[in-house]
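Each chain, letter by letter, is given below.
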Amino acid sequence: GAGVSQSPSNKVTEKGKDVELRCDPISGHTALYWYRQSLGQGLEFLIYFQGNSAPDKSGLPSDRFSAERTGGSVSTLTIQRTQQEDSAVYLCASSLDRFTSYNEQFFGPGTRLTVL
Amino acid sequence: SQQGEEDPQALSIQEGENATMNCSYKTSINNLQWYRQNSGRGLVHLILIRSNEREKHSGRLRVTLDTSKKSSSLLITASRAADTASYFCATDARSGTYKYIFGTGTRLKVLA
């Protein structure tokens, strides 16, 4: 079956503009994660969804960042009034269920965001 | 600071040699996972080891976990050029959070 998909693959925007990043998880996966990876760095956790609810938003760096998930499937990450420090690769991952004993995460290819 | 930190940050070896990477973490965990990232395939899950396990094997991979030292190691035996990638450990804290915390990674280069 299809893996996790993300769109767009690349996004170049001007400082101050809003951007919306999309993630399509694997069908049937109830857990969904957003991460951010800066060049040469590890992954920074942003937010976790279980179904449509987000029990852990603690990684969102500021109130300019928000995310939602509808129908327990597609998720969008919105960054308002983008800043240059928001430039990074944004990765989405899904897993079958946060509470199963084997909760491997399947990652999408990422969206490379460049803020000029 | 990051829950997981890998060392070394970079490792360069000859094809056929073994590669060992280490990960340290700070809090009690349910499990620890290792992932590989390269430009061709993105981030791929390699192996998961639960907190009550001490060693696990998968093909040429061997993972150990020492919960008393809060550390794990990943051994890749008989390395191949295709193993060239960054390797990350990821941990989920036992309580209070749903986060998975990834370390900063070890960049492995296998020379043919």
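This is a predicted model, so every value here is computed, not measured.

Conventions adopted
- Residues numbered from 1 in each chain as written.
- Chains lettered and ligands numbered in written order.
- Predicted model: local features only at pLDDT ≥ 70, side-chain atom pairs only at ≥ 80, totals over all residues.
- Heavy atoms only, no water.
- Helix = DSSP H or I, 4+ residues; strand = E, 2+ residues; numbered from the N terminus.
- Rg over C-alpha atoms; globule rule 2.2 N^0.38 Å.
- Buried < 20%, exposed > 50% of the residue type's maximum accessible area, 1.4 Å probe, protein only.
- Contact = heavy atoms within 4.5 Å.
- Areas by Shrake-Rupley, 256 points an atom, 1.4 Å probe, with all protein chains shown as cover.
- Lys, Arg positive; Asp, Glu negative; His and termini not counted.
- Charge placed at Lys NZ, Arg CZ, Asp CG, Glu CD.
- Buried area = accessible area lost by both parts, 1.4 Å probe.
- Salt bridge = Lys/Arg side-chain N within 4 Å of Asp/Glu carboxyl O.
- Polar contact = N/O pair within 3.5 Å; in protein donor to acceptor, adjacent residues only side chain to side chain.
- Nonpolar A, V, L, I, M, F, W, Y, C, P; charged D, E, K, R; others polar.
- Core = buried A, V, L, I, M, F, W, Y, C linked by side-chain atoms within 4.5 Å.

1. Here's the deal with the overall build of chain A
Scanning chain A from N- to C-terminus turns up 0 helices and 11 strands. Shown N-terminal to C-terminal, the secondary structure of chain A runs as helices and strands in the order β-β-β-β-β-β-β-β-β-β-β. A compact globule built from 116 residues would reach a C-alpha radius of gyration of about 13 Å, and chain A, at 13 Å, matches this within 12%. Dimensions of chain A along its principal axes, counting C-alpha atoms only, are 40 × 25 × 25 Å. A total of 116 residues make up chain A; the buried ones form 47% of that total. Pairs at least 24 residues apart make up 54% of the contacts formed inside chain A by residues separated by at least 6 positions. Of the roughly 5400 Å² that chain A leaves accessible, carbon and sulfur atoms contribute 47%. For chain A, the centre of its 11 positive side-chain charges and the centre of its 12 negative side-chain charges are spaced 3 Å apart.

2. Examining the interface of chain B and chain A
Tallying the contact residues gives 18 residues for chain B and 20 residues for chain A. Counting each side, the surface lost to burial between chain B and chain A is near 1800 Å², with a carbon and sulfur contribution of 53%. On inspection of chain B and its partner chain A, the count reaches 0 salt bridges. Counting every contact that joins chain B to chain A gives 2 residue pairs in polar contact (both at pLDDT 80 or more). Of all the elements in the fold, those that place two or more residues in the side of chain B that touches chain A are β4 (29–38), β5 (42–50), β9 (85–93) and β10 (100–102) of chain B. A per-class count over the side of chain B that touches chain A returns 7 nonpolar, 8 polar and 3 charged.

3. A closer look at the nonpolar core
Core analysis: the biggest nonpolar cluster contains 21 residues, and B:Met21, B:Leu32, B:Trp34, B:Leu74, B:Ile76, B:Tyr87 and B:Leu108 have the highest contact counts within it. Counting residues per element, the ones that place at least two in this core are β3 (19–24), β4, β5, β7 (61–66), β8 (71–76), β9 and β11 (106–111) of chain B. Beyond its immediate chain neighbours, meaning those up to four positions away, B:Tyr87 contacts B:Glu6, B:Met21, B:Tyr35, B:Arg36, B:Leu46, B:Leu74, B:Ile76, B:Gly105, B:Thr106 and B:Leu108. One finds A:Leu32, A:Phe49, A:Leu77 and A:Val115 within the second-largest nonpolar core, a separate group that totals 19 residues.

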